[in-house]
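Chain by chain, the residues run as shown.
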Number of protein chains: 2
Amino acid sequence: MNVVVAGLGIIGGSMAKAIKKYTDCYIYGMNRSPLPLQKAMECGAIDEIGSNDTLQKADILVLGMYPDAAVRFVSENADKINRNCIVIDTSGIKSQICPRLSQIAKQHGFAFVGFHPMAGKAQNGFDVSDADLFQGANAIIVPCDAPHNAVEKIASLAKKIGFGTVVYASPEEHDKMIAFTSQLPHVIACAYVFSPACVKHKGFSGGSYRDVSRVANINAELWSELFIENQQPLISEIDTLIADLNEIKEGIRNGNREELAAILHRGKLIKEALGE
Amino acid sequence: MNVVVAGLGIIGGSMAKAIKKYTDCYIYGMNRSPLPLQKAMECGAIDEIGSNDTLQKADILVLGMYPDAAVRFVSENADKINRNCIVIDTSGIKSQICPRLSQIAKQHGFAFVGFHPMAGKAQNGFDVSDADLFQGANAIIVPCDAPHNAVEKIASLAKKIGFGTVVYASPEEHDKMIAFTSQLPHVIACAYVFSPACVKHKGFSGGSYRDVSRVANINAELWSELFIENQQPLISEIDTLIADLNEIKEGIRNGNREELAAILHRGKLIKEALGE
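Reading the values: rules and limits
- Residues numbered from 1 in each chain as written.
- Chains lettered and ligands numbered in written order.
- Predicted model: local features only at pLDDT ≥ 70, side-chain atom pairs only at ≥ 80, totals over all residues.
- Heavy atoms only, no water.
- Helix = DSSP H or I, 4+ residues; strand = E, 2+ residues; numbered from the N terminus.
- Buried < 20%, exposed > 50% of the residue type's maximum accessible area, 1.4 Å probe, protein only.
- Contact = heavy atoms within 4.5 Å.
- Areas by Shrake-Rupley, 256 points an atom, 1.4 Å probe, with all protein chains shown as cover.
- Salt bridge = Lys/Arg side-chain N within 4 Å of Asp/Glu carboxyl O.
- Domains from an automatic or database assignment.
- Buried area = accessible area lost by both parts, 1.4 Å probe.
- Polar contact = N/O pair within 3.5 Å; in protein donor to acceptor, adjacent residues only side chain to side chain.
- Nonpolar A, V, L, I, M, F, W, Y, C, P; charged D, E, K, R; others polar.
- Pairing = 2+ DSSP bridges.
- Axes fitted to C-alpha atoms, helices over the stretch in contact; angles between N-to-C directions.
- Least-squares fit on C-alpha atoms with pLDDT ≥ 70 in both.
- Parallel < 35°, antiparallel > 145°, perpendicular 65-115°, else oblique.
- Left-handed = near helix turned anticlockwise from the far one by under 90°.
- 1 Å grid on protein atoms, 1.4 Å probe; cavity = no way out; pocket = protein on both sides within 12 Å on 5 of 7 lines; lining within 4 Å.
- Points joined across faces, edges and corners; volume = space filled by probe spheres on them.

### Considering the overall build of chain A
No. 1: Across its full length, chain A carries 11 helices and eight strands.
No. 2: By residue count, 60% of the 276 residues in chain A fall in the buried class.
No. 3: Taking as baseline every contact in chain A between residues at least 6 positions apart, the subset at least 24 positions apart corresponds to 74%.
No. 4: For chain A, the accessible surface area stands at approximately 10,900 Å², while carbon and sulfur atoms represent 49% of it.

Laid out in structure tokens, this is it:
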């Protein structure tokens with residue numbers, strides 16, 4: 001099988017490396033700038049640098065770009081994509097792009113399957129990509145209108161390259177869950193480090209500072225796009241969080257230990273019920 | 001040297017185990033309930049179970065209890081504490097208890113040094129205590145009015161049992177920093193998991209969910225006391241966080257990518273300036 005990975009950042013680069021390591025696929029790399037392509041050739045992440053006719057050979061096309069760029073790439077190159085090809089994106093949002101990509105796929109006879117690998121690092125770019133980034137991670141598949149066998153092929157590939165769990169969701173379900181599990185922690189991390197106390201934390205911090213602030217080292221260009229394209233679910237999660245923060249704050253202000261303990265204890269019960 | 005550890009939870013238990021492992025001190029254990037004492041004897045964390053006259057032999061007394069209980073213990077047993085003894089607490093708050101403990105120490109001729117080991121686990125109790133819990137962790141020393149050599153002795157003990165950095169602070173400085181580095185992440189974690197989306201997160205989450213929610217598995221009895229005894233600095237940090245969340249939320253609502261990216265990018269700059 002020929003796999004084309006277009007966009008060799010941390011996610012595209014890791015997809016190329018993982019597919020190389022765990023399957024027999026032949027991998028073509030494509031990228032806007034030439035340096036990641038050179039590096040990918042040097043370390044063996046790809047077998048060949050893609051050229052004009054590469055998309056005609058692709059059995060699977062992995063889009064490793066930002067959401068809008070992925071739609072643009074497919075839209076501009078739809079004529080060149082093989083009719084038997086399965087195109088997957090790797091974006092963090094789906095409602096804004098999956099219907100458009102499905103539509104283009106239908107018009108041109110190839111398949112589109114939405115794909116979201118729940119893995120990443122605080123750093124970005126091909127240099128930090130890793131063949132084992134996805135080991136044990138969750139993969140979310142957003143089937144849209146793709147044929148069943150195309151969806152199964154992607155699920156099977158995901159398992160092969162190390163993902164632990166594969167779940168299926170509609171674009172709307174995906175975006176609602178991601179607003180909570182991934183986008184909100186990034187919003188929290190940034191808001192948290194904005195406190196004037198943050199720059200003085202050294203010597204006074206432990207694991208809980210480290211954990212909550214980790215993803216504040218954010219790729220602002222990418223996440224501003226993800227946040228705005230998932231505006232409504234994310235704003236709703238931020239509002240819920242602020243309401244819950246205010247409930248705890250009032251408990252602290254009232255100074256009644258039993259009442260405050262009862263509020264906090266709900267956190268323990270939720271985590272325990274989840275087995276965490 | 002004789003060390004008495006009173007209160008064998010995760011922190012007291014780990015202090016006993018660490019002092020046992022890394023020094024030649026003889027260790028007495030005291031605890032409200034007998035089970036942790038038995039366990040501590042069985043695993044060699046302590047050399048002897050303390051009795052009525054134990055406090056007269058103590059060169060160092062480590063208080064492993066909740067803040068109010070620590071003050072009560074010292075206040076009720078002040079007559080029995082050796083005049084050459086250095087008493088240290090291990091509490092997460094200082095303004096509400098250090099002045100009282102210093103006062104009792106002065107009246108009875110022993111020394112009191114405030115001590116806060118910046119380490120812990122999501123679980124509590126002697127069973128999860130660990131001789132190496134403090135490896136590389138920060139230790140905050142709140143000297144209050146203790147003699148210089150008593151403060152130095154505690155700093156030197158901290159280094160011996162594995163702490164990486166020892167910093168010094170007034171009770172007020174300590175509480176202000178801890179409100180941000182430790183208490184606020186616990187408030188955030190609880191408020192975060194209160195979202196109705198949380199119970200459905202499995203399959204849709206990655207590292208950022210795991211990190212921000214970790215400490216939601218909270219000891220509500222302890223933290224309600226810590227939060228209320230540090231009311232003003234903590235409420236101030238929660239208010240700052242809510243204001244910053246609202247700034248990001250407005251950026252998302254306005255839908256201008258450059259403006260939102262500029263807000264988020266401040267998070268990256270802060271983390272980078274800290275070398276994180």
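### Regarding unusual backbone geometry
Residues and elements named next belong to chain A.
No. 1: At cysteine 144, a residue that is not glycine, the phi angle is positive and equals roughly 50°.
No. 2: You can see cysteine 144 is positioned in the loop between strand E7 (138-142) and helix H6 (148-160).
No. 3: Accessibility expressed as a relative area gives 28% for cysteine 144, which makes it partly exposed.

### Here we look at the pattern of salt bridges
No. 1: Taken as a whole and assessed by the stated rule, the structure comprises 26 salt bridges over all chains.
No. 2: Between lysine 20 of chain A and aspartate 47 of chain A there is a salt bridge whose closest N-O contact spans 2.7 Å. With lysine 20 of chain A in helix H1 (residues 10-22) and aspartate 47 of chain A in the loop between helix H2 (34-42) and strand E3 (48-49), this residue pair connects regions lying 27 residues apart in the sequence.
No. 3: For lysine 20 of chain A, a relative accessible area of 27% gives the class partly exposed.
No. 4: On the basis of relative accessibility, which here comes to 26%, the residue aspartate 47 of chain A falls in the partly exposed class.
No. 5: A salt bridge links lysine 268 of chain B to glutamate 272 of chain B, with the nearest nitrogen and oxygen atoms 3.6 Å apart. Of the two residues, lysine 268 of chain B and glutamate 272 of chain B are both situated in helix H11 (residues 257-273); the distance of four residues between them amounts to about one turn of the helix.
No. 6: For glutamate 272 of chain B, a relative accessible area of 43% corresponds to the partly exposed category.

### Some points on the domain arrangement of chain A
Residue and element names in this part refer to chain A.
No. 1: The domains assigned to chain A are domain 1 (2-169) and domain 2 (174-273).
No. 2: Measuring from the centre of the C-alpha atoms in domain 1 to the corresponding centre in domain 2 gives 31 Å.
No. 3: On the side of domain 2, 15 residues touch domain 1, which itself brings 16 residues to the contact.
No. 4: Summing the contributions of domain 1 and of domain 2, the shared interface buries around 1,400 Å²; its carbon and sulfur component is 57%.
No. 5: When the buried surface of domain 1 facing domain 2 is broken down by residue, Tyr66, Ile93 and Ala122 rank first, second and third, together holding 40% of it.
No. 6: Taken together, domain 1 and domain 2 are joined by zero salt bridges.
No. 7: The interface formed by domain 1 and domain 2 holds five residue pairs in polar contact (both at pLDDT 80 or more) in total.
No. 8: Contributions of two or more residues to the side of domain 1 that touches domain 2 are made by helix H4 (67-77) and E7.
No. 9: When its residues are assigned to classes, the side of domain 1 that touches domain 2 shows nine nonpolar, five polar and two charged.

### Quick look at the interface of chain B and chain A
For interface size, the figure often reported is the accessible area lost on association.
No. 1: Contact residues are listed per partner, giving 85 residues for chain B and 86 residues for chain A.
No. 2: Approximately 7,900 Å² of surface area, both sides summed, lies buried where chain B meets chain A, with 68% of it carried by carbon and sulfur atoms.
No. 3: When the area that chain B buries against chain A is broken down by residue, the three leading residues are Phe194, Phe204 and Arg257 of chain B, summing to 10%.
No. 4: Summed over the shared surface of chain B and chain A, the number is six salt bridges.
No. 5: For the salt bridge of arginine 257 of chain B with glutamate 225 of chain A, the shortest nitrogen-to-oxygen distance reads 3.0 Å.
No. 6: Linking chain B with chain A are 35 residue pairs in polar contact (both at pLDDT 80 or more), by the criterion used here.
No. 7: Secondary-structure elements contributing two or more residues to the side of chain B that touches chain A are strand E7 (138-142), strand E8 (165-168), helix H7 (171-193), helix H8 (207-213), helix H9 (220-228), helix H10 (231-254) and H11 of chain B.
No. 8: Looking at the side of chain B that touches chain A element by element, the count peaks at 17 residues for H10 of chain B.
No. 9: When its residues are assigned to classes, the side of chain B that touches chain A shows 45 nonpolar, 21 polar and 19 charged.

### Some details on the sheet that holds strand E1 (residues 2-6) of chain B
Residue and element names in this part refer to chain B.
No. 1: With respect to topology, eight strands assemble into an open sheet ordered E3-E2-E1-E4-E5-E6-E7-E8, the strand pairing being mixed. Each end of this open sheet is capped by a strand with a single partner; those strands are strand E3 (48-49) and E8.
No. 2: Relative to E8, E7 runs parallel, the two sharing four bridges. Looking across to E8, one finds that isoleucine 140 is bridged to valine 167.
No. 3: Those strands touched by H7 are strand E6 (111-117), E7 and E8, and its axis lies near 145° from that of E7.

### Brief notes about the relation of the copies chain B and chain A
No. 1: Superposing chain B onto chain A requires a rotation of 180° together with a translation of 0.0 Å along the rotation axis, leaving an RMSD of 0.0 Å. A rotation of that kind, with that shift, is consistent with a two-fold axis.
No. 2: Comparing interface residues between copies, 100% of those in chain B also lie at the interface in chain A; the contact surface is shared.

### A short note on the packing of H7 of chain B against H9 of chain B
Residue and element names in this part refer to chain B.
No. 1: It is the contact of H7 with H9, at a shortest axis distance of 11 Å, that shows an interaxial angle of 125°. Here H7 lies oblique to H9, going by the angle between them. As for how H7 packs across H9, the hand of that crossing is left-handed. Taken together, the residues of H9 that come into contact with H7 (itself represented by Ser182, Gln183, His186 and Val187) are Trp223, Leu226 and Phe227.
No. 2: Class assignment for the residues of the contact of H7 with H9 results in four nonpolar, three polar and no charged.

### Section: the side chain of serine 102 of chain A
No. 1: Structurally, serine 102 of chain A is set in helix H5 (residues 98-108).
No. 2: In contact with serine 102 of chain A, other than residues within four places in its own chain, are Phe112, Cys144 and Asp145 of chain A.

### Let's talk about the packing of helix H9 (residues 220-228) of chain A against H11 of chain B
No. 1: Contact geometry of H9 of chain A with H11 of chain B gives a least axis separation of 8 Å together with a crossing angle of 125°. Accordingly, the angle class assigned to the pair H9 of chain A and H11 of chain B is oblique. With respect to the hand of their crossing, H9 of chain A and H11 of chain B are arranged in right-handed fashion. Contacts between H9 of chain A and H11 of chain B involve Ala220, Glu221, Trp223, Ser224, Glu225, Phe227 and Ile228 of chain A from the first element and Arg257, Leu260, Ala261, Leu264 and His265 of chain B from the second.
No. 2: Classifying every residue of the contact of H9 of chain A with H11 of chain B by side-chain character gives seven nonpolar, two polar and three charged.

### Describing empty space enclosed by the protein
No. 1: Across all of its chains, the model carries two cavities of 30 Å³ or more by this definition.
No. 2: Roughly 40 Å³ of volume is contained in the largest cavity.
No. 3: Taken together, Ser208, Asp211 and Val212 of chain A together with Pro185, Ala189, Asp211, Val212, Arg214 and Val215 of chain B make up the full set of residues lining the largest cavity.
No. 4: For the lining of the largest cavity, the secondary structure elements donating two or more residues are helix H8 (207-213) of chain A together with H7 and H8 of chain B.
No. 5: In terms of residues, the lining of the largest cavity owes the most to one element, H8 of chain A, which gives three residues.
No. 6: Of the residues assigned to the lining of the largest cavity, the class counts are five nonpolar, one polar and three charged.
No. 7: Contributing to the lining of the second largest cavity are Pro185, Asp211, Val212 and Val215 of chain A together with Ser208, Asp211 and Val212 of chain B.
No. 8: Those elements that provide at least two residues to the lining of the second largest cavity are H8 of chain A together with H8 of chain B.
No. 9: Its residues placed into classes, the lining of the second largest cavity shows four nonpolar, one polar and two charged.

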